[in-house]
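Residues per chain are reported as follows:
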Amino acid sequence: MKLTIEKDIMVPMRDNVSLATDIYRPDTNEPLPTLIRRLPYNKNSTKYISSPEILKIVQAGYIYVVQDVRGTASSEGEFIPFFQEPEDGEDLINWVRQQPWCNGKIGMIGRSYHGATQLFAAQKQPDGLCVMITEVTPADAFEGLTYRGGALQLAGATGWATRMFNNHVLSRYVKQDKNKIAFDVDSLPLVNTPLAKAWKVYKDWLNHPSYDDYWKTAAIREHYDKVTVPVLHIGGWYDIFLNGTLDNYQGITKRGGSQIARQNQRLVIGPWTHRVKTGVFPERTYGSHANRDAFITQLHLDWFDRWLKGKDFSNEPEKPVKIFVMGIDSWRDEEDWPLPDTKYKKYYLRSNGKANTANGDGNLSLQPPENEPEDTYRYDPSYPVPTFGGALQHLECRAETEASTVILPAEYSAGPRDQLIVEKRKDVLCYTTNPLEASLEVTGPIQLVLYISSSAVDTDFTGKLVDVYPDGRAEILSEGILRTRYRDSMSDPELMEPNKKYKLVINIGATSNVFRVGHRIRLEVSSSNFPLYDRNSNTGGVIAEESSTDFIVAENKVFHNQEFPSHLILPIIDRE
């Protein structure tokens with residue numbers, strides 16, 4: 001089938017700013033359903049027609065419309081991430097619906113930021129919007145994108161902001177590469193870095209460290225009740241927006257603005273990072289059936305054929321959730337998320353006060369603790385625990401020990417990496433089960449309840465779930481962080497009293513993993529994961545305004561006794 005491609009059609013928005021738009025159409029006079037993608041990464045990039053295979057989808061009887069969002073690539077206007085997308089998305093949908101080649105039925109497509117542009121547009125409930133596929137998409141611009149647990153997602157937020165400023169803000173005025181701002185996570189204070197001085201958007205992020213009205217305006221989760229269409233949500237266990245993907249699925253299922261939306265949310269989660277979608281990593285391979293690109297185009301076609309062409313799939317019973325279960329490395333269909341038959345079990349932290357390092361005496365047990373001594377470590381912001389694997393992107397892993405420094409390039413840094421080099425540090429507490437005598441499946445959201453104290457008025461606590469292999473390899477599964485000033489509210493921070501005991505509830509994310517016979521379950525507890533998150537100075541001040549000379553070393557304690565039973569809550573699936 002021949003295709004007609006129209007490039008750089010300037011579509012006017014309500015304020016007369018025009019946005020560059022490309023149109024891919026089958027060579028036919030018949031009006032067809034139309035798929036829209038709105039992105040800030042330059043629509044001319046070939047990857048936005050290769051996965052899924054857009055030309056194959058167009059040949060199947062769809063029109064594809066792709067637009068550079070405001071202030072990016074060939075579009076006019078100023079790029080202000082997130083805040084401009086609801087109205088601009090609505091305007092493009094209205095324009096498309098009026099074109100003679102569109103039959104009035106519109107779907108949306110895209111991942112990451114161009115997944116968010118769909119959900120922002122859906123808030124406006126534009127006529128003609130029938131269905132969406134959002135992949136690796138955050139639930140708002142605050143939690144999970146710029147901050148998490150009150151800590152700035154330093155590498156992700158700064159890396160993305162640097163890229164967007166250089167490519168779409170600075171490049172409009174300065175053409176030489178030498179004027180571009182370098183991606184830098186080490187310079188302090190953050191508010192005085194070249195990026196913060198050059199781009200008000202990034203400075204605003206730093207000036208709003210709490211969940212206030214600034215962020216609520218750009219929070220998808222605040223508007224689930226306005227989404228009225230079916231959505232297929234696609235994510236990865238090691239994706240930076242896994243929590244957002246799961247929240248979007250659950251939130252629209254529960255609060256969607258129509259019955260058809262509430263009953264027709266679908267979820268697919270594979271063993272992927274934000275960029276690695278093959279299931280192949282330096283230390284772990286999940287099999288050829290884990291390759292997203294092998295089935296992603298057909299997945300899109302089936303979903304759009306159902307909602308835009310009315311094809312009958314009733315003879316193919318479908319469960320709403322499909323997950324890849326790591327450990328046994330297989331796909332499985334489920335009735336909902338979290339899985340309805342989940343049993344939440346408490347695994348208690350235990351030790352004789354020497355859980356420091358993987359060689360310490362920390363134990364993770366189903367038996368509640370006795371009157372055991374607390375574990376203590378020093379958190380020095382000048383020597384933070386390095387990020388090594390997990391959900392990240394565009395970041396070198398720098399693991400430093402007393403003896404050596406290991407640097408992994410960005411393309412190898414994310415995903416299921418071995419944590420042993422991190423677990424050698426004395427400021428990392430490790431609690432590990434005995435070798436399992438039977439396989440144990442952990443699938444669902446994970447929480448860590450810690451009873452703590454600190455010599456500081458504010459500090460961070462981190463948690464990490466790890467699968468320890470019989471040969472000692474410690475594979476990261478999920479992680480989380482909580483800045484203690486946000487222990488009760490992300491909107492109203494409150495400092496601690498030094499050395500007073502507090503209860504913390506930390507979101508450790510989610511996973512689906514079978515711990516095999518002979519494996520052990522490990523929990524790591526510390527106070528930093530840098531540069532995935534910014535360093536807490538421990539002063540209680542405005543962290544973005546502080547330099548390394550402001551750093552205070554904190555003595556942090558984790559209690560596990562009868563009165564203060566710190567524990568990890570794991571979602572167990574037992575179907576035997």
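Residues numbered from 1 in each chain as written. Predicted model: local features only at pLDDT ≥ 70, side-chain atom pairs only at ≥ 80, totals over all residues. Heavy atoms only, no water.

The name given to the protein chain in an unreviewed UniProt entry is CocE/NonD family hydrolase, with Metabacillus endolithicus as the source organism.

A look at the overall build of the protein chain
Rules: Helix and strand labels come from DSSP, where a helix needs a run of H or I of at least four residues and a strand needs a run of E of at least two; each type is numbered from the N terminus. Note that the radius of gyration is over C-alpha atoms, with the globule rule given as 2.2 Å times the number of residues to the power 0.38. Buried means the residue's accessible area, taken with a 1.4 Å probe over protein chains only, is under 20% of the maximum for its type, while exposed means over 50%, and partly exposed covers the values in between. Note on definitions: a residue-residue contact is assigned when non-hydrogen atoms from the two residues lie within 4.5 Å. Accessible areas in this description were obtained via Shrake-Rupley with a 1.4 Å probe; residue shielding takes into account the shown protein chains only. Residues scored as positive are Lys and Arg, those scored as negative are Asp and Glu, and His as well as the terminal groups of each chain are ignored. Charge positions are represented by NZ for Lys, CZ for Arg, CG for Asp and CD for Glu.
In terms of regular secondary structure, the protein chain is built from 10 helices and 27 strands. Taken over C-alpha atoms, the radius of gyration comes to 24 Å for the protein chain, in line with the 25 Å a tight globule of 576 residues would show. The principal-axis extents of the C-alpha atoms in the protein chain amount to approximately 75 × 60 × 40 Å. Here the protein chain holds 576 residues, and the buried ones make up 60% of them. A sequence separation of at least 24 residues applies to 74% of the contacts in the protein chain between residues at least 6 apart. Just so you have it, the protein chain exposes about 22,300 Å², and 47% of that area is on carbon and sulfur atoms. Between the mean site of the 65 positive side-chain charges and the mean site of the 76 negative ones, the protein chain shows a separation of 2 Å.

Description of the state of the cysteines
Our working rule: The disulfide criterion is simple: two cysteine sulfur atoms within 2.5 Å.
Applying the stated criterion to the full structure yields zero disulfides. Free of any disulfide, C102 has its nearest neighbouring cysteine sulfur in C130, separated by 9.0 Å. Residue class for C102 comes out buried when judged on its relative accessible area of 8%.

Considerations on the sheet that holds strand 13 (residues 321-325)
So the rule is basically this: The pairing criterion is simple: DSSP has to find at least two bridges between the two strands. For helices, the fitted line uses only the C-alpha atoms of the stretch in contact; every axis is such a line through C-alpha atoms, and the angle between N-to-C directions lies from 0 to 180 degrees.
Spatially, 1-2-4-3-5-6-9-10-13-14 is the arrangement adopted by the 10 strands of the open sheet, whose pairing is mixed. Where the open sheet ends on each side, the last strands, each with one partner, are strand 1 (3-12) and strand 14 (330-334). Mean inter-strand twist for the sheet, computed between neighbouring axes without regard to direction, equals 20 degrees. Pairing between strand 6 (residues 129-135) and strand 9 (residues 231-238): four bridges, direction parallel. Paired with M132 across the bridge in strand 9 is V231. Contacting strand 1, strand 2 (18-26), strand 3 (32-39), strand 4 (63-68), strand 5 (102-111) and strand 6, helix 2 (residues 85-97) crosses the sheet at an angle of about 155 degrees to strand 3.

A word on the packing of aromatic side chains
Threshold: Side-chain rings of Phe, Tyr and Trp (the six-membered ring for Trp) are treated as a pair once their centres are within 6.5 Å; stacked means planes under 30 degrees apart, edge-to-face means over 60, and tilted covers the remaining angles. Counting as a charge over the ring demands two things of the Lys NZ or Arg CZ atom: a distance within 6 Å of the ring centre and an angle within 35 degrees of the ring normal.
Following the criterion strictly, the structure yields 29 aromatic pairs and no others. On the numbers, 5.9 Å between centres and 85 degrees between planes, the contact of Y286 with F324 is edge-to-face. Separated by 38 residues along the polypeptide, Y286 in the loop between strand 12 (284-285) and helix 10 (296-308) and F324 in strand 13 bring together distant segments of the chain. We note that Y286, like F324, is buried. Through a chain of ring-to-ring contacts, three or more aromatic side chains come together here, namely F79, F82, Y113, W160, F165, W199, Y202 and W205. The cationic tip of K309 hangs over the ring face of Y62; the distance from NZ or CZ to the ring centre is 4.4 Å. Sitting above the plane of the Y469 ring, R473 keeps its charged end 4.2 Å from the centroid.

Quick word on the nonpolar core
Cut-off, in case you're wondering: Residues enter a nonpolar core if they are buried and are Ala, Val, Leu, Ile, Met, Phe, Trp, Tyr or Cys, with the set joined through side-chain atoms within 4.5 Å.
Ranked by internal contacts, the top residues of the largest apolar core, which has 91 residues, are F82, V96, M132, W199, Y202, W205 and F304. Per element, the largest residue contribution to this core is seven residues, and it comes from helix 4 (residues 154-169). With near-sequence residues (within four places) excluded, Y202 lies in contact with T158, A161, L190, T193, L195 and A196. By size, the runner-up hydrophobic cluster in this structure holds 53 residues, among which are Y238, L242, Y286 and I323.

Notes on the pairing of strand 24 (residues 502-515)
Burial of strand 24 is extensive: 11 of the 14 residues sit out of reach of the surface. Pairing of strand 21 (residues 440-454) with strand 24, which is carried by 12 bridges, proceeds in the antiparallel orientation. From the neighbouring strand, L448 faces strand 24, where its bridge partner is I506.

Structural notes on unusual backbone geometry
Backbone torsion omega between S51 and P52 reads 0 degrees, so that peptide bond is classified as cis. Residue P338 follows W337 across a cis peptide bond; omega there is -10 degrees. Tracing the backbone shows P338 in the loop between strand 14 and strand 15 (343-350). Positive phi, close to 60 degrees, is recorded for S112, a residue that is not glycine. Checked against the element boundaries, S112 lands in the loop between strand 5 and helix 3 (113-122). Residues other than glycine seldom take positive phi values, yet N499 does so here, at roughly 70 degrees. In this structure, N499 sits in the loop between strand 23 (474-483) and strand 24.

Considerations on the confidence of the model for the protein chain
Interpretation of this model should avoid reading the predicted coordinates in detail wherever pLDDT is low. The line we're drawing: As a per-residue quantity, pLDDT reports the predictor's confidence and falls between 0 and 100.
For the protein chain, per-residue confidence averages 94 on the pLDDT scale, and residues scoring 70 or more make up 95% of the total. Note that pLDDT drops below 50 for residues 396-404; the model gives that stretch 33 contacts with residues more than four away or on any other chain.

Side note on the pattern of salt bridges
This is how the line gets drawn: Whenever Lys or Arg places a side-chain nitrogen within 4 Å of a carboxyl oxygen from Asp or Glu, that contact is recorded as a salt bridge.
Applying the stated rule across the entire model yields 38 salt bridges. Between K200 and D204 there is a salt bridge whose closest N-O contact spans 2.8 Å. You can see K200 and its partner D204 sitting in helix 6 (residues 200-207), four residues apart, about one turn around the helix. The residue D460 makes a salt bridge to R483 at a minimum N-O spacing of 2.8 Å. Within this pair, whereas D460 is found in strand 22 (residues 460-468), its partner R483 is found in strand 23, the two being separated by 23 residues in sequence. Accessibility expressed as a relative area gives 1% for D460, which makes it buried. Here the residues in one salt-bridge network are R332, E334, D341, E441 and R575, joined through shared partners.

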